[in-house]
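Next come the chains, spelled out residue by residue.
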Amino acid sequence: MYHSPHQFSPLLPERKIEQLQALASGVVKSSLALASTGHSSARRVVRELVRSINSYYSNRIEGQGTHPANIERALHRDFSDNPDIARLQRIALAHIDAERELEQDIEHGRSALSSAFLVQAHRALYSRLSIDDRRTKDAQVVEPGQIRTTLVHVGHHVPPTPESVPVFLARLDEVYGREKGWERELIAIACLHHRVAWVHPFVDGNGRATRLQTHCALWPLSAGLWSASCGLARAQQEYYAKLINADAPRRGDLDGRGNLSSAGLTEWVEFFLGVCADQVAFMSRMLDLDGMRQRIEALVTFRAATDKDIRAEAILPLHHLFAAGPVTRGEFIQLTGLGERTGRALLSRLLAVKLVTSETPRGAVSFGLPLDSLHFLLPELYPEANTRVEIS
């Protein structure tokens, strides 16, 4: 039985330190470059999409994912008549709203690398759900932010005794809150993700709360433009395998000085940083200005072939919105090079299909990313959004 913090040491890697820092450094440099791609208004639209993606993939890992179209409906408070689908919609929406709330705390200078933030993440998610939506398969009700008071089993792993959980969490705070510099902090975020899962502080919802914490810990670097949860979900079997390997006891005298495997923890950190590197590289390609122009052209050309109200003259102003930001409606029409009446009709159609958005009926227009455009504009980012779904 685990009851003392020394039983989950080491808390930071003891080997391959230089290699891990080099990998972390690559993630940092790429993320900082990505954070200035396109206009801030376009990045804001991408950020909203990534929140939905985080919700979809984090819930899918827990076996409770619903189709992206259902998530989109939930964002507009349109819930299915099917009780099971509606429940999954509410869970997805709660995740998105919790993430947005937690991001605001990070914006105000709070660190996500603490057990208090983890508890807040759990509370922010589950306090948005009714008792019925918080009920587990064995009929237990998950209390928002409440540390477990019972012994649990997670596969072959038996997490620490309930009375010792606060002591383990306090030890996490002592170690991870002290890391300075993005390279060291990224490594700490990876380690914290595993060690929190190992402690299993809550009766249920540990995975979701941990991924929310990880997202927010990465937020000052990622700016919400890439999703660790997406990468973890797409490598779900390896994700679980690496977590389990890092649970393993020390494998002999050459495997560190702690109670758990130093090699297993290092392998987990390598995997996590690799996932982050892949996600940053992918989004950098997706948001590249030249690449986006080519994909906008492909989308408009395809739509124009089947929609007489979409014209090739939309390509330039759409790319302008992505790269340079919002313009007035008159400026948009001028960018098309069309006459007033024809340009206005084109803009009206683009607003209708949400490739262009506006906060008011006569206000400035901005770049839009409707779900049905993603397979052109951001291919492979959210491929599930392009699959058919029976909506009821």
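Everything discussed here concerns the structure shown above.
Parameters at a glance
In every chain, residue numbers begin from 1 and rise along the written sequence. In keeping with the predicted nature of the model, local features appear solely for residues at pLDDT of at least 70, side-chain atom pairs appear and are counted solely at 80 or more, and the whole-chain, interface and lining totals rest on all residues. In computing side-chain properties, one takes all heavy atoms of the structure into account and sets aside hydrogens as well as water. Starting at the N terminus, helices and strands are each numbered in turn, a helix being any DSSP run of H or I of at least four residues and a strand any DSSP run of E of at least two. We compute the radius of gyration from the C-alpha atoms alone; for a globule the expected value is 2.2 Å times N to the 0.38, where N is the number of residues. Buried, partly exposed and exposed residues are distinguished by accessible area as a fraction of the type maximum, computed with a 1.4 Å probe on protein chains only: under 20%, between the cut-offs, and over 50%, respectively. Pairs of residues are marked as contacts when any of their non-hydrogen atoms sit within 4.5 Å. Shrake-Rupley sampling with a 1.4 Å probe provides the accessible areas, and residues are treated as covered by the protein chains on show and by no other component. Working convention for charge: Lys and Arg count positive, Asp and Glu count negative, and His plus the chain ends are omitted. To locate a charge, the coordinates of NZ of Lys, CZ of Arg, CG of Asp or CD of Glu are taken. In plain words, nonpolar cores are sets of buried Ala, Val, Leu, Ile, Met, Phe, Trp, Tyr and Cys residues tied together by side-chain atoms within 4.5 Å. Between the first and last residue of a helix there are one fewer steps than residues, each counted as 1.5 Å, and that sum is the expected span. Definition of a polar contact: a pair of N or O atoms within 3.5 Å, with one able to donate and the other able to accept a hydrogen when the atoms are protein atoms, and with sequence-neighbouring residues admitted only if both atoms are side-chain atoms. The salt bridge criterion pairs a side-chain nitrogen of Lys or Arg with a carboxyl oxygen of Asp or Glu, the two atoms within 4 Å. Note on disulfides: each one is a pair of cysteine sulfur atoms within 2.5 Å. Side-chain rings of Phe, Tyr and Trp (the six-membered ring for Trp) are treated as a pair once their centres are within 6.5 Å; stacked means planes under 30 degrees apart, edge-to-face means over 60, and tilted covers the remaining angles. What counts as an axis is a line fitted to C-alpha atoms, over the stretch in contact for a helix, and the angles between N-to-C directions run from 0 to 180 degrees. Comment on the angle field: the value is read as roughly parallel under 35 degrees, roughly antiparallel over 145, roughly perpendicular from 65 to 115, and oblique elsewhere. Left-handed describes a crossing whose near helix is turned anticlockwise from the far helix by less than a right angle; the clockwise case is right-handed. Polarity classes work like this: nonpolar for Ala, Val, Leu, Ile, Met, Phe, Trp, Tyr, Cys and Pro, charged for Asp, Glu, Lys and Arg, and polar for all others, with Gly in that last group.

**Some remarks on the overall build of the protein**
Phase 1: A tally of regular secondary structure across the protein gives 16 helices and two strands.
Phase 2: The C-alpha atoms of the protein give 23 Å as radius of gyration, which agrees with the globular expectation for 392 residues (21 Å, within 12%).
Phase 3: Considering only C-alpha atoms, the protein reaches an extent of 75 × 50 × 35 Å along its principal axes.
Phase 4: Looking at the protein residue by residue over its 392 residues, the buried ones come to 53%.
Phase 5: Partitioning the contacts of the protein with sequence separation of at least 6, the portion at a separation of at least 24 is 68%.
Phase 6: Taken as a whole, the protein presents about 17,600 Å² of accessible surface, with 51% of it coming from carbon and sulfur.
Phase 7: Side-chain charges of the protein comprise 45 positive and 45 negative groups, with the mean position of each set lying 2 Å from the other.

**Focus: the nonpolar core**
As a rule of thumb, soluble globular proteins bury nonpolar side chains together.
Phase 1: Core analysis: the biggest nonpolar cluster contains 114 residues, and W226, W268, L378 and Y382 have the highest contact counts within it.
Phase 2: Counting residues per element, this core draws most heavily on helix α11 (residues 262-286), at 12 residues.

**Some remarks on the side chain of H200**
Phase 1: Its location among the elements puts H200 in the loop between α7 (182-199) and α8 (206-222).
Phase 2: Not counting residues up to four positions away in its chain, the partners in contact with H200 are R148, V152, V154, P159 and N206.

**Notes on α11**
Phase 1: With 25 residues, α11 ought to run about 36 Å at 1.5 Å a step, and its terminal C-alpha atoms sit 36 Å apart, in line with that.
Phase 2: Between a side-chain oxygen at the N-terminus of α11 and the backbone nitrogen of A263 the separation is 3.4 Å; the capping residue is S261.

**A few points about helix α6 (residues 165-176)**
Phase 1: With 12 residues, α6 extends 17 Å from end C-alpha to end C-alpha; this agrees with the ideal 16 Å at 1.5 Å per step.
Phase 2: The inward-facing, buried residues of α6 abut α5 (115-126) and α7.

**Quick notes on the pattern of salt bridges**
Phase 1: Counting across every chain of the model gives 23 salt bridges.
Phase 2: Here D372 makes a salt bridge to R303, at a shortest N to O gap of 3.3 Å. With a gap of 69 residues between them, D372 in the loop between β2 (365-367) and α16 (374-377) and R303 in helix α12 (residues 289-306) connect regions that are remote in the sequence.
Phase 3: What emerges from the salt-bridge pattern is a single network uniting E48, R51, D97, R100 and E103.

**Some remarks on the side chain of S114**
Phase 1: In this fold, S114 is placed in the loop between α4 (83-107) and α5.
Phase 2: At 3.1 Å, the side chain of S114 forms a polar contact with the backbone nitrogen of F117.
Phase 3: Setting aside residues no more than four positions away along its own chain, S114 makes contact with D173 and Q213.

**Things to note about the state of the cysteines**
Phase 1: This structure, assessed with the given rule, holds zero disulfides.
Phase 2: Looking at the unpaired C276, the closest cysteine sulfur is the one in C230, lying at 12 Å.

**Observations regarding the packing of aromatic side chains**
Two aromatic rings are characterised by how far apart their centres lie and by the angle between their planes.
Phase 1: As enumerated under the stated definition, the model contains 13 aromatic pairs in all.
Phase 2: Between Y239 and Y240, the ring centres sit 5.6 Å apart and the planes meet at 20°, which makes this aromatic pair stacked.
Phase 3: Since its relative accessible area comes to 3%, Y239 is described here as buried.
Phase 4: Y240 sits in the partly exposed class, given a relative accessible area of 33%.
Phase 5: Arranged with centres 5.8 Å apart and planes meeting at 45°, the rings of W268 and F271 form a pair that is tilted. You can see W268 and its partner F271 sitting in helix α11, three residues apart, about one turn around the helix. This pair shows no difference in class: W268 is buried, exactly as F271 is.
Phase 6: A connected cluster of aromatic rings, assembled from ring pairs, spans Y239, Y240, W268, F271 and F272.

**Here's the deal with the environment of L93**
Phase 1: Looking at the element boundaries, L93 is found in helix α4.
Phase 2: Classification of L93 by relative accessible area gives buried; the value is 9%.
Phase 3: Note: C-alpha distance between L93 and A345 (252 residues apart in sequence) is 34 Å.
Phase 4: Those residues in contact with L93, other than ones at most four positions away along the chain, are A74, L75, R77 and F79.

**Re the packing of helix α1 (residues 17-34) against α11**
Phase 1: Closest axis-to-axis distance for the α1/α11 pair is 9 Å, and the angle between their directions is 25°. Put simply, α1 runs roughly parallel to α11. At the point where α1 passes α11, the crossing takes the left-handed sense. Along its contact with α1, which presents L20, L23, A24, V27, S30, S31 and L34, the element α11 presents T266, V269, E270, L273, G274, C276, A277, V280, M283 and S284.
Phase 2: The residue inventory of the contact of α1 with α11, partitioned by class, reads 11 nonpolar, five polar and one charged.

**Things to note about the environment of G337**
Phase 1: Structurally, G337 is set in the loop between α14 (329-336) and α15 (340-352).
Phase 2: Looking at G337, the relative accessible area reads 67%, which means it is exposed.

**Examining unusual backbone geometry**
Phase 1: Residue P10 is reached from S9 by a cis peptide bond, and omega for that bond is 5°.
Phase 2: One can find P10 in the segment before α1.
Phase 3: Not every positive phi belongs to a glycine, and A139 is a case in point at roughly 75°.
Phase 4: Phi angles above zero are rare outside glycine, and E380 is one such case at about 75°.
Phase 5: Tracing the chain through its elements places E380 in the segment after α16.

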